[in-house]
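Residue-level structure breakdown
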Amino acid sequence: TTISVEGYDTRLRVYSLKLALTKHFSSCGKVGYVYVPRDRKRGILKSVSFLWIEGEEDVEEKALKLSGTDVGGWTAIVKPAPMQKECRDPWSAAVLMKIETHRVRVTGYDTSLPEIDTQIALCEHFSSCGEVTRVVVLPCGAAFIYLQGERCEVKALKLSGSNMGGMNLFVGPIHGGPEKVRIQRRRRCNPSGYTPPSTQIRSLVSVRFLIHIGTCSHQFRCVYFIFLGVLLDTAEHKKRKMEMDMEMEMDEMKKKKMKMELKKIDKDIKKHMKTMVKMDMDMKKSMEMEDEEMALS
């Protein structure tokens with residue numbers, strides 16, 4: 001189920017808003033993805049964000065009941081997003097770019113808190129050092145804070161010994177210097193929801209070429225993810241064209257055939273979407289496992 005949320009201050013930081021929305025709507029089901037589009041020209045967030053929530057039943061009804069409730073100082077306006085029955089995480093291998101990101105290792109916080117509360121607390125605590133883009137809480141009692149900004153790592157290290165919720169934090173560097181963390185280039189957003197770009201990949205020739213040069217499983221997964229995106233965009237385009245043809249068709253027999261073909265296309269779209277969602281979750285889990293192994297080493 002996909003919903004749209006409005007009412008927040010567009011000057012908020014992306015990750016802070018994502019954490020707040022994840023916590024607020026966690027009672028409705030499992031919050032899979034949160035997409036917060038940015039207005040790059042003005043340097044602020046756009047006024048509408050999208051959440052994809054998984055659940056057994058009444059997920060949309062539960063989410064809509066939260067419209068008008070307070071989310072840390074602002075009132076949420078919740079609406080259904082019928083144009084997006086499935087929500088694609090904008091973190092896509094087709095639109096990755098490299099941005100220099102620093103990270104520090106933090107221990108000493110209250111490990112009895114739920115993971116989402118720990119992430120929110122650490123995000124707020126280190127927000128003065130730069131833009132917090134990610135907080136990874138590990139089972140071993142340590143957390144990684146990913147930061148962007150001028151001298152952000154130096155500022156974060158100065159917070160070692162500071163108090164957070166009655167606990168003294170220890171902040172240490174992660175040796176190896178700044179890393180190139182892959183993040184997404186945001187997709188364009190229109191009033192009815194963000195529109196996945198169909199022009200990111202011009203032809204399947206480039207995909208086949210990338211498959212030949214892909215030498216590791218991670219590269220292959222990224223290429224396959226792109227390939228699925230192409231198939232999905234093609235199926236959606238075919239569906240829209242067929243719907244237009246159906247409206248103009250006068251022959252009832254042909255209309256029935258078109259309806260059967262539409263059902264097949266819908267099945268293909270759902271199949272590709274489920275595969276992409278699963279692959280994206282697997283890729284994120286592998287990243288978290290790498291972080292955990294690094295923390296233990």
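The structure under discussion appears in the preceding block.
No experiment lies behind these values; they were computed from the predicted model shown. (Residues numbered from 1 in each chain as written. Predicted model: local features only at pLDDT ≥ 70, side-chain atom pairs only at ≥ 80, totals over all residues. Heavy atoms only, no water.)

The next thing to look at is the overall build of the protein chain. The helix and strand tally for the protein chain stands at 7 helices and 15 strands. Residues classed as buried in the protein chain amount to 41% of the 297 residues present. Look at the contacts in the protein chain between residues 6 or more apart in sequence, and 71% of them connect residues 24 or more apart. Here the protein chain has roughly 17500 Å² of accessible surface; of this, 54% comes from carbon and sulfur atoms. (Helix = DSSP H or I, 4+ residues; strand = E, 2+ residues; numbered from the N terminus. Buried < 20%, exposed > 50% of the residue type's maximum accessible area, 1.4 Å probe, protein only. Contact = heavy atoms within 4.5 Å. Areas by Shrake-Rupley, 256 points an atom, 1.4 Å probe, with all protein chains shown as cover.)

Here we come to unusual backbone geometry. The phi dihedral of arginine 151 falls on the positive side, at around 55 degrees, and the residue is not glycine. With respect to the helices and strands, the residue arginine 151 is situated in the loop between β9 (143-148) and α4 (152-157). In this structure arginine 151 comes out as exposed when scored by relative accessible area, which is 52%.

Ranked by size, the top nonpolar core spans 22 residues in total, and within it Val106, Leu122, Phe126, Val132, Val135 and Ile145 carry the most contacts. Counting residues per element, the ones that place at least two in this core are α1 (14-24), β7 (96-107), α3 (115-125), β8 (131-137), β9 and α4. Beyond its immediate sequence surroundings of up to four residues, phenylalanine 126 is in contact with Val106, Val132, Ile145, Leu147, Ala156, Leu159, Leu169 and Val171. Core analysis: the next-biggest nonpolar cluster, separate from the first, contains 21 residues, Ile3, Val31, Leu51 and Ile53 among them. (Core = buried A, V, L, I, M, F, W, Y, C linked by side-chain atoms within 4.5 Å.)

Once that is clear, we can look at the packing of α1 against α3. Here α1 crosses α3 at 155 degrees, and the two axes come no closer than 10 Å. Considered as vectors, α1 and α3 are oriented roughly antiparallel to each other. Between α1 and α3 lies a crossing of left-handed hand. Contacts from Tyr15, Ser16, Leu19, Thr22 and Lys23 of α1 reach α3 at Ile116, Asp117, Gln119, Ile120 and Cys123. Among the residues forming the contact of α1 with α3, the class breakdown is 5 nonpolar, 3 polar and 2 charged. (Axes fitted to C-alpha atoms, helices over the stretch in contact; angles between N-to-C directions. Parallel < 35°, antiparallel > 145°, perpendicular 65-115°, else oblique. Left-handed = near helix turned anticlockwise from the far one by under 90°. Nonpolar A, V, L, I, M, F, W, Y, C, P; charged D, E, K, R; others polar.)

Looking at where histidine 102 falls in the secondary structure, it is placed in strand β7. At 3.2 Å, the side chain of histidine 102 forms a polar contact with the side chain of glutamate 153. (Polar contact = N/O pair within 3.5 Å; in protein donor to acceptor, adjacent residues only side chain to side chain.)

Its place among the elements puts glycine 130 in the loop between α3 and β8. The buried category is assigned to glycine 130, whose relative accessible area is 13%. As for glycine 130 and glutamine 148, which are separated by 18 residues in sequence, their C-alpha atoms are 5.7 Å apart. Among residues more than four places away in sequence, those in contact with glycine 130 are Arg13, Leu147 and Gln148.

Judged by how many residues are buried, strand β5 (residues 49-54) sits mostly within the fold: 5 of 6 residues are covered. By the bridge criterion, 5 bridges tie strand β2 (residues 30-35) to β5 in an arrangement that is antiparallel. In the strand pairing of β5, tyrosine 35 is matched with phenylalanine 50. (Pairing = 2+ DSSP bridges.)

The subject of this paragraph is the sheet that holds strand β1 (residues 2-6). With respect to topology, 4 strands assemble into an open sheet ordered β2-β5-β1-β6, the strand pairing being antiparallel. Two strands in the sheet have a free side with no partner beyond their single neighbour: β2 and β6 (77-80). Recorded for the sheet is a direction-independent mean angle of 30 degrees between the axes of neighbouring strands. Across the sheet, α1 is in contact with β1, β2 and β5; its angle to β2 comes to roughly 150 degrees.

All told, the structure shown has 7 salt bridges when counted by the stated rule. When the shortest N-O distance is used, the salt bridge between aspartate 9 and arginine 11 registers 3.1 Å. Taking relative accessible area as the criterion, arginine 11 reaches 67% and is therefore assigned exposed. Here lysine 23 ties to aspartate 117 by a salt bridge, and the two come within 2.8 Å at their closest N and O atoms. Within this pair, whereas lysine 23 is found in helix α1, its partner aspartate 117 is found in helix α3, the two being separated by 94 residues in sequence. Look at lysine 23 and you get partly exposed, because its relative accessible area is 42%. Classification of aspartate 117 by relative accessible area gives partly exposed; the value is 21%. (Salt bridge = Lys/Arg side-chain N within 4 Å of Asp/Glu carboxyl O.)

Time to look at the packing of aromatic side chains. Throughout the structure, instances matching the rule amount to 3 aromatic pairs. On the basis of an interplanar angle of 20 degrees and a centroid distance of 5.7 Å, the ring pair of tyrosine 33 and tryptophan 52 is categorised as stacked. Here the residue tyrosine 33 occupies a position in strand β2, and tryptophan 52 occupies one in strand β5, the gap between them amounting to 19 residues. Of the two residues examined, tyrosine 33 and tryptophan 52, each falls in the buried class. (Phe/Tyr/Trp six-rings, centres within 6.5 Å; stacked < 30°, edge-to-face > 60°.)

Within the element layout of this structure, glutamine 148 appears in strand β9. By relative accessible area, glutamine 148 is classed as buried at 16%. Here threonine 101 takes part through its side chain, which lies 3.1 Å from a polar atom of the side chain of glutamine 148.

That's the geometry; what it means functionally is another story.
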